[in-house]
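Now for the letters of each chain:
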Amino acid sequence: MEYKLKCIGVLTSGGDAPGMNAAIRAVTRTAIFNGIRVKAIYRGYKGLITGEIKEFQTQDVSNIIQHGGTILKTARCMEFMTPEGRRTAYETMQKEEIDALVVIGGDGTFTGARIFAQEFNVPIVGIPGTIDNDLWGTDATIGYDTALNTIVDAVDKIRDTASSHERLFFVEVMGRDAGFLALNSAIAAGAEAAIIPERKTQEDQLEALIHNGFRKSKNSSIVIVAESKETGGAQALADRMKAEHPEYDARVTILGHIQRGGSPTAVDRILASRMGVAAIDALLDEQRNIMIGIDDDEIVHVPFTKAIKDDKQVNPDKIGVLQILSI
Ligand code: ATP
């Protein structure tokens, strides 16, 4: 359908991720550069329903590229999951004369966007902002690199105490049922193993560790565990260890929300800036219902239906790398 793009709305939704501000800045400035007005929508889809909206000028996004979190705030909005809620959101768009949306978030955000776009024929482009890196069709999501570096920094510190006391540490990291953060941080921090949901069906990973004698030549061990019902989490694994192998002095650290915070890395700022520019370019090119992705350092367009299909795989080569290097 032909449409003239005069005004876009931008929002952040779902879990916050470092680099979201850099994406908001890039979207805002690229739109204004192209003569398009920008309306900032606060608290994700909630702000679209309640009308919490402010027009942005270039200076509204000054001095934010270096900050974590999101200046637009984010929220989980149950009302948007109902047809009535989405109807109200559409009415707000009409009232505010917003022609198209840029939504920054994860798979839930894009699921909502896809349904909304279908119901009301609204052009929407998504930008992947989530530390989990669990979206298909993009090598990386905004926030993932920063979270990875935060985890590695924390594990380096845990290693100091682990080796002083000759202990085994289970360190739980985020990932929402995806092992990217766990596997890559394990390689980068020189951990002995990563327990990830992707390998649940293949073996009892804890038993495999014991069987391989993973602690024979070491005075400390660190095992990174992806939070997931598939892995059981770090505490459950440590409890099992105490019951089944009491000879190990097992301790638990759950890194929690520190993984979401902090100033975004240069990698995340650059990724967010490129994706923000690409999102406006895509709308100008009359693209819709797509997520901006990065593949081999090139910007790509991924249909929402594919991005959220939930089968992005960890690279099996990396599992081999970790196993070899942890002897
Ligand atoms: P993260 O991966 O960081 O948690 P996310 O985008 O997956 O981010 P969710 O909380 O799953 O975070 O989704 C964000 C919002 O998207 C929800 O609060 C809701 O408003 C909307 N949403 C999610 N799923 C749907 C759905 N099936 N229908 C309509 N809206 C949805």
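Here, every reference points to the structure presented above.
Values in this document were obtained by computation on a predicted structure and should not be read as measured data.

## So, the site of the ligand
As a matter of local geometry, the ligand sits amid 19 residues, with Arg76, Cys77, Asp107, Gly108 and Thr109 nearest to it. Here an oxygen atom of the ligand and a backbone polar atom of Gly108 are 2.9 Å apart. Here an oxygen atom of the ligand sits 2.5 Å away from a polar atom, N or O, in the side chain of Thr109. Notes on the ligand: free accessible area 620 Å², of which the protein chains cover 88%. The element that contributes the greatest number of residues to the shell around the ligand is helix α4 (residues 107-120), accounting for six residues. Per-class residue counts for the shell around the ligand are five nonpolar, nine polar and five charged.

## Digging into the side chain of Ser13
One can find Ser13 in the loop between β1 (7-12) and α1 (20-33). There is a polar contact of 2.9 Å between the side chain of Ser13 and the side chain of Thr109. Sequence-distant contacts of Ser13, defined by excluding residues within four places in its chain, comprise Met20, Gly44, Tyr45, Thr74, Ala75, Ile104, Gly105, Gly106 and Thr109.

## Looking at the sheet that holds strand β8 (residues 221-226)
Strand order in the open sheet formed by four strands is β7-β8-β6-β9, and the pairing between neighbours is parallel. The sheet is open, and its two edges are formed by β7 (193-195) and β9 (250-254), each paired on a single side. Going from strand to strand, the sheet's axes swing by 25° on average, the running direction of each strand aside. Bridge count for β7 against β8 is three bridges, and the pairing is parallel.

## Topic: a negative patch on the surface
Among the surface-exposed residues, Asp139, Asp295, Asp296 and Glu298 lie close enough to one another that they form a single negatively charged patch. With respect to the helices, strands and loops of the structure, Asp295 is situated in strand β10 (residues 290-295). In this structure Asp295 comes out as partly exposed when scored by relative accessible area, which is 40%.

## Some points on the sheet that holds β10
Sheet architecture is open: seven strands sit in the order β3-β2-β1-β4-β5-β10-β11, paired in mixed fashion. Looking at the sheet topology across the chains shown, the edges are occupied by β3 (53-56) and β11 (298-303). This sheet shows a mean twist of 30° between the axes of neighbouring strands, independent of strand direction. Summarising the sheet, strand β4 (residues 100-105) and strand β5 (residues 124-128) pair through five bridges and their orientation is parallel. The partner of Leu101 across the bridge, within β5, is Ile124.

## Overview of the packing of aromatic side chains
Aromatic rings considered in pairs are described by the distance between their centres and by the relative angle of their planes. In this structure the tally under the stated criterion is five aromatic pairs. Consider the rings of Tyr45 and Phe80, whose centres lie 3.9 Å apart with planes at 0°: the pair is stacked. Residue Tyr45 is located in helix α2 (residues 45-50), and its partner Phe80 is located in the loop between β3 and α3 (83-95); the two are separated by 35 residues in the primary sequence. Classification of Phe80 by relative accessible area gives buried; the value is 3%. Aromatic side chains Phe110 and Phe304 sit 5.2 Å apart centroid to centroid with 20° between the ring planes, which places their arrangement in the stacked category. Here the residue Phe110 occupies a position in helix α4, and Phe304 occupies one in helix α10 (residues 304-307), the gap between them amounting to 194 residues. Given the relative accessible area of 0%, Phe110 is considered buried.

## Brief notes about α1
Here α1 contains 14 residues, and its C-alpha end-to-end distance of 20 Å stays within 8% of the 20 Å for a straight helix at 1.5 Å per residue. With 10 of its 14 residues buried, α1 lies for the most part within the structure. Within two residues after α1, Gly35 carries a phi angle of roughly 75°, on the positive side.

## Regarding the pattern of salt bridges
Should their charged atoms come close, side chains of opposite charge can pair. Scanning the entire structure with this criterion turns up 11 salt bridges. Between Lys157 and Asp153 there is a salt bridge, with its nearest N and O atoms 3.2 Å apart. With a gap of four residues between them, Lys157 and Asp153 both fall in helix α5 (residues 144-165), about one helical turn apart. The partner of Arg251 in a salt bridge is Asp249, with the nearest N and O atoms 3.3 Å apart.

## Remarks on unusual backbone geometry
Positioned with a positive phi, Lys73 is a non-glycine residue whose angle comes to about 60°. Along the chain, the position of Lys73 falls in the loop between β3 and α3. Of note in this structure, Asp296 is not a glycine but carries a positive phi near 55°. Tracing the sequence through the fold places Asp296 in the loop between β10 and β11. The class for Asp296 is exposed, based on a relative accessible area of 65%.

Here is what the cut-offs are and how they apply
Residues numbered from 1 in each chain as written. Predicted model: local features only at pLDDT ≥ 70, side-chain atom pairs only at ≥ 80, totals over all residues. Heavy atoms only, no water. Near = heavy atom within 4 Å. Polar contact = N/O pair within 3.5 Å; in protein donor to acceptor, adjacent residues only side chain to side chain. Areas by Shrake-Rupley, 256 points an atom, 1.4 Å probe, with all protein chains shown as cover. Helix = DSSP H or I, 4+ residues; strand = E, 2+ residues; numbered from the N terminus. Nonpolar A, V, L, I, M, F, W, Y, C, P; charged D, E, K, R; others polar. Contact = heavy atoms within 4.5 Å. Pairing = 2+ DSSP bridges. Axes fitted to C-alpha atoms, helices over the stretch in contact; angles between N-to-C directions. Patch = residues over 30% accessible without salt bridge, like charges linked within 9 Å, V, L, I, M, F, W, Y side chains within 5 Å. Salt bridge = Lys/Arg side-chain N within 4 Å of Asp/Glu carboxyl O. Lys, Arg positive; Asp, Glu negative; His and termini not counted. Charge placed at Lys NZ, Arg CZ, Asp CG, Glu CD. Buried < 20%, exposed > 50% of the residue type's maximum accessible area, 1.4 Å probe, protein only. Phe/Tyr/Trp six-rings, centres within 6.5 Å; stacked < 30°, edge-to-face > 60°. Expected span 1.5 Å × (residues − 1).

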